[in-house]
Amino acid sequence: MSVSINDPELRAVADKVLNGERLSFDDGVLLDERADLHLLGQLANTVRERKNGNFAYYNTNIHLNPTNVCVYRCRFCAFRADLKDEKAYTFTDDMLRDRVLEGRAAGATEIHVVGGLHHKKSFDWYLNVVRVIHETCPEIHIKAWTPVEISWFSFITRKPVRWILEQLVEAGLGSMPGGGAEIFDEQVRRQICEHKADSDVWFDVHRTAHELGLRSNATMLYGHIEKARHRIDHLIRLRTLQDETSGFQTFIPLAFHPENTELSEIPKADGVFDLRMVALSRLMLDNFDHIKAYWIMLGEQTAQVALGYGADDIDGTVVHELIYHDAGAKTPEGMTVEQLHRLIREAGRIPVERDTLYRKVIRNGREWTVGEPLTAVRA
Ligand code: V47
Ligand code: SF4
């Protein structure tokens, strides 16, 4: 691929990308501040196609947020509630079972579980959530709890993070989602989510999870008070742990949705900003196999375009989404597999259903099995 660029500094960074060289912090900030969307997109698409060809991945999943009651008050969050709020809710075991059975009936291979930190609920209650899901439907992969919850469990039980994770794995935990990362820079973090798990804790929990053989995802919340240098620092910190453990599967850039939050005066990121973040992530995270354009957050159209700007995954059917809808998202709460297929095909890509661990899903009526890992699908 040849790219015509007049700015010699940008030209040098583009050459590094085209030669497969790693980008530095300064390269990242330069791209973030000076590169136009077209250049970012061309470069990111080259990397994306080298890694994932023309394939675009999705999964059949279902979301579950067992409670919205939360001890923390992150300023960007519209989902949380106080115990006495009218909108406060907590799932019972029967409600958990119903949700899992709904997922099974829809062919879900994964259940995605995150929620608030309920100060009246013990670690056993959270452990029971995983156990009930697993016992109801052992074939569904449970991707649950972020380092924010894990460090809370460690705090309330006075047990080490490793012990907490081991208990959860024994109950049925399969992997961890990418949430709670926000922005790692300590000063920014203090302003948007002061009391919850800090960045060192976030990394320690993922490192421990990877050591135990769990795979996990990572996210970044952008479009609030952060600057280019904070975004690039965030991506480089992730890249550094990935060099050490190779435990991350996919990275998901998340745009701040301001409605009903304490930061509601900040305008929501537009489509250009969203695509720039997808492309920058692809360029900086050279050791991540996948970049996810989470359609719920981006909207179907931007997610579709993102498949040409570095993303190779659009997440899944989802079905029940609260975190973004409480914060004003206008997307549907879920999509059918047929809709996901159409969206991917219209973007010129080939849809491939994956499970949580990026193995190909093979369907036979209502039954499914997993096939080879997706590197083999690509070959
Ligand atoms: O950590 C909360 C973000 C995250 C808002 O791993 C908000 O596959 C924007 O991590 N505007 C949770 N973002 C969601 C998450 C996730 C989503 C999809 C897939 C995966 C995965 C993980 O949502 C939180 C926070 O960064 N968030 N409120 C808001 N108003
Ligand atoms: Fe609680 Fe999570 Fe919302 Fe923060 S983002 S207030 S930890 S539910």
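See the structure shown above.
Description of the structure in this document. Keep in mind that this is a model prediction, so the values were computed, not measured. (Residues numbered from 1 in each chain as written. Chains lettered and ligands numbered in written order. Predicted model: local features only at pLDDT ≥ 70, side-chain atom pairs only at ≥ 80, totals over all residues. Heavy atoms only, no water.)

1. A word on the sheet that holds strand β9 (residues 313-316)
What holds strands together in a sheet is hydrogen bonding between their backbones, with the strands either parallel or antiparallel. This is how the line gets drawn: Strand pairing is assigned whenever DSSP identifies at least 2 bridges connecting the two strands. Under the DSSP-based scheme used, a helix requires at least four consecutive residues in state H or I and a strand at least two consecutive residues in state E, with every element numbered from the N terminus. Helix axes are fitted to C-alpha atoms over the stretch in contact, other axes to C-alpha atoms as well, and angles between N-to-C directions run from 0 to 180 degrees. In this description, contact between two residues means that some pair of their heavy atoms is separated by no more than 4.5 Å.
Taken in spatial order, the three strands make up an open sheet running β9-β1-β10, and their pairing is parallel. Single-partner strands in this sheet number two, and they are β9 and β10 (350-353). Each strand of the sheet is rotated relative to its neighbour by a mean of 25°, with strand direction disregarded. Examined bridge by bridge, strand β1 (residues 55-59) and β9 share two bridges and lie parallel to one another. Bridge pairing in β9 places Asn59 opposite Gly316. Sheet strands touched by helix α15 (residues 337-346): β1, β9 and β10. Its angle to β1, the strand with the most contacts, is close to 160°.

2. Thoughts on the sheet that holds strand β5 (residues 173-176)
With parallel pairing, seven strands are arranged side by side in an open sheet as β2-β3-β4-β5-β6-β7-β8. Whereas interior strands pair on both sides, the edge strands pair on one side only; in this sheet they are β2 (61-64) and β8 (290-291).

3. Here we look at the side chain of Arg354
As a reminder, the rule being used: Side-chain atoms alone can form a polar contact between residues adjacent in sequence; in general such a contact is a pair of N or O atoms within 3.5 Å, and within protein one must be able to donate a hydrogen while the other accepts it.
Mapped onto the elements, Arg354 comes out in the loop between β10 and β11 (359-364). At a separation of 3.5 Å, a polar atom in the side chain of Arg354 contacts the side chain of Tyr358. The residues contacting Arg354, other than those within four sequence positions of it, are Tyr57, Tyr58, Asn59, Thr109, Lys292, Asp313, Asp315, Arg359, Val361 and Leu374.

4. Let's talk about the nonpolar core
What counts, and what does not: Within this scheme, the nonpolar core is defined by two criteria: the residues are buried Ala, Val, Leu, Ile, Met, Phe, Trp, Tyr or Cys, and they are joined through side-chain atoms within 4.5 Å. For the exposure calls, accessible area comes from a 1.4 Å probe over protein chains only, and a residue counts as buried if that area is under 20% of its type's maximum, exposed if over 50%, partly exposed in between.
Counting residues in hydrophobic clusters, the biggest one holds 75 residues, and the most contacted among them are Leu31, Leu238, Phe251 and Leu283. Here this core takes seven residues from helix α11 (residues 271-284), the largest share from any one element. Setting aside residues up to four positions removed in sequence, Leu31 forms contacts with Leu10, Val13, Leu23, Leu40, Arg276, Leu280 and Leu283. Ranked by size, the runner-up nonpolar core spans 39 residues in total, among them Leu127, Ile133, Phe153 and Leu168.

5. Details of helix α1 (residues 8-18)
Operational definition: The arc in question is formed by the directions pointing from the helix axis toward the C-beta atoms.
Taken residue by residue, α1 has Leu10, Val13, Ala14, Val17 and Leu18 as its buried positions. Along the long axis of α1, the arc covered by the buried residues comes to 140°, so they all point the same way. On the buried face of α1, the contacting elements are α2 (25-34), α3 (37-52) and α11. With a side-chain oxygen positioned 2.9 Å from the backbone nitrogen of Glu9, the residue opening α1 is Asp7. Of the residues trailing α1, Gly20 is marked for its positive phi of about 75°.

6. Brief notes about the site of ligand 1
We apply this condition: Nearness is judged by heavy atoms alone; a residue qualifies as near a molecule or strand once a single heavy atom is within 4 Å of it. Computed by Shrake-Rupley with a 1.4 Å probe, the accessible areas treat only the displayed protein chains as cover when residues are assessed. In this analysis, the protein atoms alone were mapped onto a 1 Å grid. Cavities are point sets where a 1.4 Å probe fits without being able to get out; pockets are open sets with protein on both sides within 12 Å along at least five of seven lines; lining residues have an atom within 4 Å of a point. More than half of a molecule's atoms within 2 Å of the grid points is what it takes for that molecule to sit in a cavity or pocket. Charged residues are taken to be Asp, Glu, Lys and Arg, nonpolar residues to be Ala, Val, Leu, Ile, Met, Phe, Trp, Tyr, Cys and Pro, and polar residues to be all remaining types, Gly included.
Residues in contact with ligand 1 amount to 21 residues; listed here are only the nearest, Phe76, Lys143, Gly180, Glu182 and Lys292. At a separation of 2.8 Å, a nitrogen atom of ligand 1 approaches a polar side-chain atom of Tyr324. Compared with its free state, where it exposes 620 Å², ligand 1 has 95% of that area covered by protein. Placement of ligand 1 is best described as lying within the largest cavity. Elements with a contribution of two residues or more to the shell around ligand 1: β6 (215-222), β7 (248-255) and α14 (323-326). Residue classes in the shell around ligand 1 are distributed as eleven nonpolar, seven polar and three charged.

7. Some points on the site of ligand 2
Every residue lining ligand 2 is accounted for by Cys70, Tyr72, Cys74, Phe76, Cys77, Phe79, Arg80 and Lys196. One can see that ligand 2 is located within the largest cavity. Residues belonging to the shell around ligand 2 are distributed by class as follows: six nonpolar, no polar and two charged.

8. Focus on the packing of aromatic side chains
This is how the line gets drawn: The criterion for an aromatic pair is that two Phe, Tyr or Trp rings (for Trp, the six-membered ring) have centres within 6.5 Å, with stacked assigned to planes under 30 degrees apart, edge-to-face to planes over 60 apart and tilted to the rest. Lysine and arginine charges are scored as sitting over a ring when NZ or CZ, respectively, is within 6 Å of the ring centre and within 35 degrees of the ring normal.
What the rule picks out here adds up to 18 aromatic pairs. Measuring from centroid to centroid gives 6.1 Å for Phe123 and Trp163, while their planes differ by 50°, and the two rings are tilted. In this pair, Phe123 sits in helix α5 (residues 123-136) while Trp163 sits in helix α7 (residues 161-171), placing the two residues 40 residues apart along the sequence. According to the relative accessible area criterion, Phe123 is buried, its value standing at 4%. We classify Trp163 as partly exposed; its relative accessible area is 29%. Relative to Phe203, the ring of Phe184 has its centre 4.6 Å away and its plane inclined at 50°; by these criteria the two rings are tilted. Remark: Phe203 occurs in helix α9 (residues 199-211) and Phe184 occurs in the loop between β5 and α8 (186-192); sequence separation between them is 19 residues. Judged by its relative accessible area of 0%, Phe184 is buried. Through a chain of ring-to-ring contacts, three or more aromatic side chains come together here, namely Phe123, Trp125, Tyr126, Trp145, Phe153 and Trp163. It is Lys159 that lies over the ring of Trp163; its NZ or CZ is 4.9 Å from the centre.

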